[in-house]
Every structure is written in C-alpha cells, then in structure tokens.
Amino acid sequence: MDAACRRVMKKKARGGLDGVEIDDQHTDADKMVSALIKELRTGAYVPVPYARGAIPKFDEQNQWRKISLPSVRDKVVQQAFVEALGPVFNKTFLDCSYAYREGKGPVKAIKRVEHILHTHHIRWVTTMDIDNFFDTMDHDIFIGEFTKKVAEPEILQLVRLWLKAGCISARGDWIEPYDGIAQGAVVSPLFSNIYLHPLDCFAIGNNCLYVRYSDNLIVLSETKETLYLWYEQLKSFLEDRLRLRLNEDPYPFKDKERGFVFLGIFFQNDVRQISTAKETNICRRINWLTDKTQQKDPEIFLEKFNKCIEGVQRYYSCIEPLRQFEIIDQHILKRVRPLLDHFYERGCFPSRDDLKSYIMKIRFLATKPDDARHAFCRSLTEEVVKKKAKADDKNTEAKTAAEAEKEKDQSGLQKRFTAQKKRYLRKVADHAELIISSPGVFLGKTGERIVLREKRKNIAEYLFSRIKNITVNTAGVSLSSDIIFRCSRSKIPITFYTLRGMPYATLQSPLHSMGSVSVLQIRTYETEKSLVFIKKVLTGKAKNQINLMKFYLRSRKKTQPEFTRITTENILGMKNLLKQMLQLEHGEVFSVVRDRIFSFEGRISALYWECMRLLVAPELGFEKRNRFQAPDLVNNMLNYGYGILYQRV
C-alpha cells in the first residue's frame, strides 16, 4: 500500500468525486494508507462512486470518450491490487497480447506484425476492433475468468465492489453499471486482459497468426480462404463465449499489396507511415491544444503541448516517418504563431529574450540541429514582435477610420448591405439542389459539369462541386452511366420520387452508405436504450410544438379569443400528456411500452394540429392532419415535404 501510494502521488493524476488534488494528500499520505489498511482488514472498505467525464477522440465525427475517475484513496487501493496480482496473471498471458503489460506496448506490437510479414508469405490481412469493449464486458464471465487464478473471498469482494461502484455524471445523475468496467480505473487494463485471455488462447490454439493490443486485433494469412475461416471463428468465439461484438467493417479483408492499417500505422509492402486518419487526429489534437480561447497560462500550455508531442514522437518514431513529421511540424508552426501573438499581446513575456527563451522550449517532431533551431527561434520572435507593433499601428489607424466612417452617407451603407446579400446568396448557391420535373430530360456529364439536355439541346450546366442532391420527380428522365459514376464518387445521391413526394429509389455508392448505422439501430431496437432514445426525440418534438403555440398566442390574445381559449387549454393538455409519457416505466415488454409512447405522441400531435387548423385560412380547406389521399393543399404540401425528409433521414 505504501509503494502504491507513492506511485499514485508521482503520477499527479486528479481524483474523482472526492475533489482531492494529489498535492493535498502529501501531508496526510501515511494517515490515509493506515485508514485504508484498517478498512480492508475489517471488510469496511467501500469505494467512492466514479466521477463520469469525457475526453475528445479528435476523430472526424468529433466524438468524446467516456471516462470514469476513481477517488485518490480508491486509486491507491487499486494500484496496490494491480502490483500484487498483476504478476500472477501476467505469467499466464500469451505473447500475442501487447497492451498494458510491462515490457510490451504498441511499438512492440507493431514490430511483431513486421516480423510476421517478413517471416511468412503473407498476402491477406484482417484488422478487427471490438465494439464498445470496456462498456460491454460481462461481469459474470469476468468473475469466472478471474477465479481461475485467484479465488480468495476477500479479493473477489474487492473486484465486485469496483465492478458495481457506479458513476455520477457531471449533472449529478447516478449511472448503474450493469456491464463493463470503468475506463479510467487503475484496474481496468488488467481486467481487460484477463477478460480477453480466452480469445488469445483460442486464436493461438487454432494456429492463427494473431496479435492483440487491447481491443484491437490483427490476423494475417497466406490465403484469403484461411483468413476468412479464422475471421469467422474469432467472431463467433467473441459473440458466443465472451458476449462481445466486432465493429462493423464492410471490407474486413485487406490485400497486403493494397495496404492495411493497424494501431495507426499504414502498412503496404515495404511502406510504413502514419495512417491518414491518425495524421488528421494528431493535427486535430494540436488544434485543440493551441486554441487561444482555451489557453490562458503559457506554462500550463507548454507542459500539455510538449507532453502531447513527446507521446506522438515516442509512438511513431519506430517507423521513422520524417516527411510526415515535417508536415505536422509545419502545422504546429501555423497554430503556435497566433497563440504566441496572443500571449505576447497580453504581456505574458516581459521582454524579447523571455519570448525567445519560451519558443526554444516548444517541442517539434522532426528534430532540428541547434543552429537551425536558434535561427528559427530568432525569426519567429521577430515575427511575433513585428506583428504586435503592426497591430498597435492598426489600432491607431482604426480609430481614425472609425471617425471617417461616421461621415459616410447612406449610399455607403447600401453598398455594405448589397455586399452582404451577395455573400449569402453565393453561400446558398454553393450547395444546390438540382430538381428535374420535366419529362424527356437527359442528364449527362462533360468534364466537371452536369449537363441537362432536352431534344438534343443543352438547356443547363452545373458544376459537380455546386450540387448536393439530385431529385427526379417526373417520368421519362434518362441518365448516362458517366453521371452515375461521377455522382457516386462525389457522394451526390440521385433520388426518384412519386408525384405524391414519396421516394421509391436512390442511386448511391455502397461505399458511402450507412449500413453500420442500420445494424446498430436493429440491435438497439429491443433494448431499454431504444425507449430512452424515443422519449428524448418525442419530448423535443412535443416541447417545440408547445413553444410554437405559445409564440402564436402572444399576438392573438386580443384579436382571436376563440384561438386563445382553445390553444391555452390544448397547451395544458399537451404538457400533461408529455408528463405522463415521461413517467412510463420500462419494465413491461418493450414493444408494448413503445406503442404507449407513440400513443401519447399521437394525442399530443392531435391537440397541436387542432390549434394549427385555427391559424390556416379557411379557404384552404385544412380541417385536420391527413397523411393519405388528402384533398386539401396544406396536407398535400406537408406530405410531399415529409416524403423528401424520409429519404434524407
């Protein structure tokens, strides 16, 4: 426990719900350890719930990874647990497992893949990663694996306490842990390796050329047939034995000649480089760290930034991606310059020498000789100082310009309004909808343009870069195969609608389809998560309807008493129905609960449309919402618009 406490203190990681900073514990470390030992011996130890937080993944979807932070005292106990029991389990772990183990790591995993490629006639590769691994680990399966090596009741009691500790969100909500382990807990890496150890044994037992780093797997083979067999076996083992699923990959089998990505490294024959996605990820992380709206203290920024660059350098230096490092360094320069301007303008550096000294501490990926680094430092310092002086001059000029601006006449204002109008018109035109509503039109392609012809004459041309969607809502329209190919590459869907506005076909590349989303929707359909999601969406819809009616009430209270009376009553009714919907329990069969939720939604909408009927001009003939064979203009317009929305959604 003493050794574990010292290690936790050295890491200086912040605590969870206890709100304790590591530095606060130095004076009372002995007292804390003594108290923890007493609690553990007497069985009185109970962990503090984890504090739920999130950190950015820096991917294209701007997703955030959920993390669960234990308290400082729980970190000490978990660290002692790992140091005592880690060696017991490490003896049984296989050589193909490289994550969270002493003497292993991602660099050695990459070198192991290199070794397999050089010593076998590898032609085919599949890379797999487990979907939502840390959050979906089955507690009973894990306990079963754990007790194969350690079965003392006191130890098992600790394990169960950590698995069931629960989380408190930033909003104060309690999150019950039915499955999974907390990402952020000290024990999580060891627990993940214990859980996946049977998979390692199964893969090696079946003679797979297999490497695993946490929930990322790679299997290599000489033939596609053998690889397919291994892939299906591993997938079935994960689903049947460990109750885990792989992330969907429409093209899981990669030809070595065409290249593949594993742990952020792109392999193609003898080529080794940082994958495009990871290179983008690094640049996004640099953008985040150098955002001047977030950075207030130059020293804190320097520490975080250098730590990030050291990590990237340590991870990727094994493949010596010098050209990519230089490209990222250029991006660092581009991002650091305005941040240094910001610090300098705020007076964070009293003199040029202080600024120069600070710049010399900034790390770059491509190592620069000292002379070159000093020259770069001088030029960047001069650039920042000159920019500050230039900004001061501009401020003086701006004051003079402001005075002159007051003397401009109305015609000057009109010019500015006209320029603004043109700017927005150009912006709208950048992403146009091309709608074909005349029979007999032919769509073809000439260079980078879509060409519309009618009776063998060109009637219109549009740049592909300016088109977002192509809509065909009439009969007798023909397309060339060239335009289908070009639209596929540019991710421009071509959608065909009936005269009623319902989509009946869409031409779209399978490479850009969202099949993975559909799979997730189907999986979630018979789970409590789907009911929570439905409630969230329909609650938002109902609140929008209520707020819209309140908006209309503002200007009609005196002029339309009938509308005011009915709408006021309906708003109360809508609020009451919404409250009842939110109070629905999820304990019954999900399909029954789902039907009840939609029943409430239908009743709320009925009250909403009753109010809308009073707003629409009587001569339009709108009596109620009618989705099928509506005789009036309003319903027809709504149905046609919804038909287009269905396809887009």
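Everything below is about the structure shown above.
As the structure is a computational prediction, the values presented were derived from the model and not from experiment.

(A) The overall build of the protein, seen in detail. Scanning the protein for helices and strands turns up 21 helices and 19 strands. Within the protein, the fraction of its 649 residues that count as buried is 40%. A fraction of 66% describes how many contacts in the protein between residues 6 or more apart in sequence connect residues 24 or more apart.

(B) Representation of the packing of helix H12 (residues 322–345) against helix H13 (residues 352–361) in the model. Put simply, H12 and H13 touch, their axes get as near as 12 Å, and they point 145° apart. Note that H12 runs across H13; the crossing there is right-handed. Across the interface between the two elements, Leu-340, Phe-343 and Tyr-344 of H12 pack against Arg-352, Leu-355, Tyr-358 and Ile-359 of H13. Across the contact of H12 with H13, the residue classes tally to six nonpolar, no polar and one charged.

(C) Main features of the pattern of salt bridges. Counted by the stated rule, this structure contains 18 salt bridges. Glu-145 is the salt-bridge partner of Arg-241, the closest N and O atoms lying 2.6 Å from each other. Here the residue Arg-241 occupies a position in the loop between helix H9 (224–240) and strand S8 (253–255), and Glu-145 occupies one in helix H6 (residues 139–146), the gap between them amounting to 96 residues. Using a relative accessible area of 32% as the deciding quantity, one classes Arg-241 as partly exposed. A salt bridge links Lys-254 to Asp-249, with the shortest nitrogen-to-oxygen separation between them at 2.9 Å. Each member of the salt-bridge network shares a partner with another, and the members are Asp-95, Lys-104 and Arg-112.

(D) Here's a closer look at the sheet that holds strand S11 (residues 271–274). The antiparallel open sheet is built from three strands, whose spatial order is S9-S10-S11. Only two strands of the sheet have a single partner each, and these edge strands are strand S9 (260–262) and S11. Averaged over all pairs of adjacent strands, the angle between their axes in this sheet comes to 30°, without regard to strand direction. Lying on the sheet, helix H4 (residues 106–119) is in contact with S9, strand S10 (265–268) and S11; it crosses S10 at an angle near 5°.

(E) A look at helix H3 (residues 72–90). When the terminal C-alpha atoms of H3 are compared, their 26 Å separation across 19 residues agrees well with the 27 Å that a helix rising 1.5 Å per residue should span. Within H3, the axis deviates most sharply at Ala-84, by approximately 35°, and proline Pro-87 lies no more than four positions further along. Lining the buried residues of H3 we find helix H1 (2–11), helix H2 (29–42), strand S1 (50–56), H6, helix H7 (153–163) and helix H8 (188–205).

(F) Representation of the packing of aromatic side chains. All chains considered together, the criterion is met by 21 aromatic pairs. Plain terms: the ring middles of Phe-146 and Phe-191 are 6.4 Å apart, the flat faces sit at 80° to each other, and that makes the pair edge-to-face. Taken together, the residues Phe-146 in helix H6 and Phe-191 in helix H8 connect sequence positions 45 residues apart. With respect to class, Phe-146 is no different from Phe-191; both count as buried. An aromatic cluster is present here, built from Phe-81, Phe-89, Phe-142, Phe-146, Trp-162 and Phe-191 joined pairwise through their rings. Between the NZ or CZ atom of Arg-556 and the centre of the ring of Phe-563, over which it lies, the distance is 6.0 Å.

(G) Looking closely at the environment of Pro-631. You can see Pro-631 is positioned in the loop between helix H20 (590–615) and helix H21 (633–648). When the C-alpha atoms of Pro-631 and Gly-621 are compared, they prove to be 8.2 Å apart, with 10 residues separating the residues in sequence. The contact partners of Pro-631, leaving out residues within four places of it in the chain, are Asn-626 and Asn-636.

(H) Local environment of the nonpolar core. Within the largest apolar cluster, 60 residues are counted, with the highest numbers of intra-cluster contacts made by Phe-81, Phe-142, Phe-146 and Phe-191. Sorting elements by how many residues they give to this core places H8 first, with seven residues. Excluding residues within four positions of it along the chain, Phe-142 makes contact with Met-137, Val-159, Leu-163, Phe-191, Ile-194 and Tyr-195.

(I) Highlighting a nonpolar patch on the surface. A cluster of nonpolar side chains, Met-502, Tyr-642, Leu-645 and Tyr-646, forms an exposed patch at the surface whose accessible area comes to about 400 Å². For Tyr-646, the position within the fold is in helix H21.

(J) Fine view of the side chain of Thr-495. Along the chain, Thr-495 falls in strand S18 (residues 494–497). Looking at Thr-495, the relative accessible area reads 2%, which means it is buried. When neighbours within four sequence positions are excluded, Thr-495 is seen to be in contact with Ile-470, Thr-471, Val-472, Pro-503, Ala-505, Thr-506 and Gln-647.

(K) Region of interest: the packing of helix H18 (residues 528–554) against helix H19 (residues 561–582). Two numbers describe how H18 lies on H19: the axes approach to 10 Å, and their chain directions differ by 165°. As judged from the angle between their axes, H18 and H19 are roughly antiparallel. Where H18 crosses over H19, the handedness of that crossing is left-handed. In contact with Lys-535, Leu-538, Thr-539, Ala-542, Lys-543, Gln-545, Ile-546, Met-549, Lys-550, Tyr-552 and Leu-553 of H18, H19 contributes Phe-563, Thr-564, Thr-567, Thr-568, Ile-571, Met-574, Lys-575, Leu-578, Met-581 and Leu-582. Residues belonging to the contact of H18 with H19 are distributed by class as follows: 12 nonpolar, five polar and four charged.

(L) Structural context of the sheet that holds strand S3 (residues 124–129). Ordered by their spatial adjacency, four strands build an open sheet running S6-S7-S3-S8, and the pairing between neighbours is antiparallel. Taken across any chain shown, the strands that pair with only one partner, and hence form the sheet edges, are strand S6 (209–213) and S8. Neighbour to neighbour, the strand axes of the sheet diverge by 25° on average, direction disregarded. As defined by bridge partners, S6 adjoins strand S7 (residues 216–221) across five bridges and the pair is classed as antiparallel. When the sheet's bridge partners are listed, Tyr-210 is paired in S7 with Val-219. Its contacts with the sheet place H4 against S6 and S7, and it is angled at close to 170° to S6. Against the sheet, H8 engages S6 and S7, with an angle of about 170° to S6.

(M) A look at the environment of Glu-562. If you trace the backbone, Glu-562 turns up in helix H19. Taking C-alpha positions, Glu-562 is 8.7 Å from Leu-614, a pair spaced 52 residues apart along the chain.

Cut-offs applied
- Residues numbered from 1 in each chain as written.
- Predicted model: local features only at pLDDT ≥ 70, side-chain atom pairs only at ≥ 80, totals over all residues.
- Heavy atoms only, no water.
- Helix = DSSP H or I, 4+ residues; strand = E, 2+ residues; numbered from the N terminus.
- Buried < 20%, exposed > 50% of the residue type's maximum accessible area, 1.4 Å probe, protein only.
- Contact = heavy atoms within 4.5 Å.
- Axes fitted to C-alpha atoms, helices over the stretch in contact; angles between N-to-C directions.
- Left-handed = near helix turned anticlockwise from the far one by under 90°.
- Nonpolar A, V, L, I, M, F, W, Y, C, P; charged D, E, K, R; others polar.
- Salt bridge = Lys/Arg side-chain N within 4 Å of Asp/Glu carboxyl O.
- Pairing = 2+ DSSP bridges.
- Expected span 1.5 Å × (residues − 1).
- Bend = angle between axes of the 7 residues up to and from the residue.
- Phe/Tyr/Trp six-rings, centres within 6.5 Å; stacked < 30°, edge-to-face > 60°.
- Lys NZ or Arg CZ within 6 Å of the ring centre and 35° of its normal.
- Core = buried A, V, L, I, M, F, W, Y, C linked by side-chain atoms within 4.5 Å.
- Patch = residues over 30% accessible without salt bridge, like charges linked within 9 Å, V, L, I, M, F, W, Y side chains within 5 Å.
- Areas by Shrake-Rupley, 256 points an atom, 1.4 Å probe, with all protein chains shown as cover.
- Parallel < 35°, antiparallel > 145°, perpendicular 65-115°, else oblique.

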